[in-house]
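Summary of the model geometry
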Amino acid sequence: MHQPFNLDFTLNSGQTFRWRKVDESWYGVIGSTAVKALQIKDKLILKANEALEEDIVLRYFGLKDDLLKIYDSIDKDQHIHAALKAYRGLRILKQDPWETLISFITATYTNIRRVETTLGELCRRFGVASMFNKERVYLFPTPQAILSHGLKGLYETGLGYRAPWILEAAKIVEANPDLLPSLAEQQYEEARLTLLNKKLFKGVGNKVADCILLFGYGKLEAFPIDRWVRRSLVRCYRQLFDTELISKLKDKSFTTTAYNKVRLKMIDYFGGYAGYAQQYLFTYERLGSNSLNP
DNA sequence: TGGCAC
DNA sequence: GCCAT
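Just so it is clear, the model here is predicted, and its values are computed rather than measured. (Residues numbered from 1 in each chain as written. Chains lettered and ligands numbered in written order. Predicted model: local features only at pLDDT ≥ 70, side-chain atom pairs only at ≥ 80, totals over all residues. Heavy atoms only, no water.)

A few points about the overall build of chain A
What chain A contains, in helices and strands, is 15 helices and 6 strands. Taken over C-alpha atoms, the radius of gyration comes to 19 Å for chain A, in line with the 19 Å a tight globule of 294 residues would show. On the principal axes, the C-alpha backbone points of chain A span a range of 50 × 45 × 35 Å. Buried residues in chain A amount to 53% of all 294 residues. For chain A, long-range pairs separated by at least 24 residues make up 65% of all intrachain contacts whose partners lie at least 6 apart in sequence. Summed over its atoms, the accessible surface of chain A is roughly 14,200 Å², and 50% of this surface lies on carbon and sulfur atoms. Positive and negative side-chain charges in chain A, numbering 42 and 33 respectively, have mean positions lying 6 Å apart. (Helix = DSSP H or I, 4+ residues; strand = E, 2+ residues; numbered from the N terminus. Rg over C-alpha atoms; globule rule 2.2 N^0.38 Å. Buried < 20%, exposed > 50% of the residue type's maximum accessible area, 1.4 Å probe, protein only. Contact = heavy atoms within 4.5 Å. Areas by Shrake-Rupley, 256 points an atom, 1.4 Å probe, with all protein chains shown as cover. Lys, Arg positive; Asp, Glu negative; His and termini not counted. Charge placed at Lys NZ, Arg CZ, Asp CG, Glu CD.)

Some thoughts on the pattern of salt bridges
Going through the model one piece at a time under the given rule, you end up with 11 salt bridges. A salt bridge links Arg124 to Glu121; the nearest nitrogen and oxygen atoms lie 2.6 Å apart. With Arg124 and Glu121 both in helix H6 (residues 112-126), this residue pair falls 3 residues apart, about one helical turn. Accessibility expressed as a relative area gives 43% for Arg124, which makes it partly exposed. Here Arg263 makes a salt bridge to Glu189, at a shortest N to O gap of 3.1 Å. Here Glu189 lies in helix H10 (residues 188-197) and Arg263 lies in helix H14 (residues 256-270), a separation of 74 residues in the sequence. By relative accessible area, which is 34% here, Glu189 ends up partly exposed. A single salt-bridge network, built from bridges that share partners, covers Glu121, Arg124, Arg125 and Glu156. (Salt bridge = Lys/Arg side-chain N within 4 Å of Asp/Glu carboxyl O.)

Some remarks on the protein's contact with DNA strand B
Around DNA strand B, the neighbouring residues are Tyr109, Thr110, Arg114, Gly160, Tyr161, Arg162 and Lys252. When atoms of DNA strand B within 4 Å of the protein are sorted by moiety, sugar and phosphate together comprise 23%. The separation between a sugar or linking oxygen of DNA strand B and a polar main-chain atom of Tyr161 is 3.1 Å. Between DNA strand B and Arg162, the relevant distance is 3.3 Å, taken from a base nitrogen to a side-chain nitrogen or oxygen of the residue. Across the surface near DNA strand B, the residue classes tally to 2 nonpolar, 2 polar and 3 charged. (Near = heavy atom within 4 Å. Polar contact = N/O pair within 3.5 Å; in protein donor to acceptor, adjacent residues only side chain to side chain. Nonpolar A, V, L, I, M, F, W, Y, C, P; charged D, E, K, R; others polar.)

Notes on helix H15 (residues 274-287)
In a regular helix each residue adds 1.5 Å, so 14 residues correspond to 20 Å; H15 covers 20 Å between its end C-alpha atoms and thus fits that length. Taken across its 14 residues, H15 has 11 buried, putting it largely inside the fold. Considered for burial, the residues of H15 that qualify are Ala274, Gly275, Tyr276, Ala277, Gln278, Gln279, Tyr280, Leu281, Phe282, Thr283 and Glu285. Where H15 is buried, its residues meet helix H3 (67-74), helix H4 (78-86), helix H11 (206-215), helix H12 (227-236) and H14. Two residues or fewer past H15, Gly288 is found with a positive phi of approximately 80°. (Expected span 1.5 Å × (residues − 1).)

Considering H3
Restricting attention to buried positions, one finds in H3 the residues Leu67, Ile70, Tyr71 and Ile74. Buried positions in H3, seen along its axis, are confined to an arc of 100° and lie on one side of it. Buried residues along H3 sit against H4, H14 and H15. (Arc of directions from axis to C-beta.)

Focus: unusual backbone geometry
With omega at -10°, the peptide bond leading from Gln3 into Pro4 counts as cis. As for its position among the elements, Pro4 is in the segment before helix H1 (7-11). One non-glycine residue, Lys199, lies in the positive phi region at around 45°. When you line up the elements, Lys199 lands in the loop between H10 and H11. For Lys199, a relative accessible area of 71% corresponds to the exposed category.

What about the packing of aromatic side chains?
Summed over the entire model, instances satisfying the criterion amount to 15 aromatic pairs. Aromatic pair Trp19 and Tyr60: ring centres 6.1 Å apart, planes at 50°, arrangement tilted. With Trp19 in the loop between H1 and strand S1 (20-22) and Tyr60 in helix H2 (residues 54-60), this residue pair connects regions lying 41 residues apart in the sequence. Take Trp19: its relative accessible area is 5%, and that puts it in the buried class. An aromatic cluster of three or more residues is present, and its members are Phe5, Trp19, Tyr60 and Phe61. When the ring centre of Trp228 is taken as origin, the NZ or CZ atom of Arg231, which lies over that ring, is 4.5 Å away. (Phe/Tyr/Trp six-rings, centres within 6.5 Å; stacked < 30°, edge-to-face > 60°. Lys NZ or Arg CZ within 6 Å of the ring centre and 35° of its normal.)

Have a look at this one:
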């Protein structure tokens, strides 16, 4: 197998919300195929309920990234070094853009556990069910499925004030089938502008856009800055910023202007794989160095 | 800048 | 973390 790889770190690092661990196995969906994934030592064992191209699997789990080369390029200081060591094998997934869009709109101003519950409910109600062994797995609902249930149905999933945003997103994607695929053709900064400047989707700001581009499109320079990354930057990377920017990183005055200054500085610092650096700093800050107890 | 569905 | 003000 492509090394290094750690399935638990990858699926527990806040980039995906729908994988479920039962005993030693993870149940989830790749494309529209229900799968069971299990890592034993260096082997990734994949069982699917229908034919699934190996290429699709490699792509999904980020196994096509040359992780050692990436480590080499971002291993710039003792802080990132410790994070890379603690979470060695953590990879950035390449998830479905539509699911990623809705997931990260849902993930603002809450915690991961609640996002998991809400998205689980969304999929349970609106998604196509499929069985794997004794585990029931739901596909992520299509825009059409969401539209057919309407706003009331969305509210019942616990989406709260995001319900209308999700409905609106479904309308936009349904009306423009080429929109999400076209972002894949664009470079990171261009795709980012498409998402943000046109104010395409309600609920998609700086951070959510960067998450979508990183986890849904594999734009590996994207550097999403959330509260954990902010904490990490204040704690370990103070020297890269002036005191004004540091104080903004610490509180609510973290505006778009500040976000962009920090983002560009970090991409400049870590280079084209800044997104990987971000994911390790995020996980290290959130879960600590005790990687056995995530 | 403050308020926010569950 | 984003939106509306």
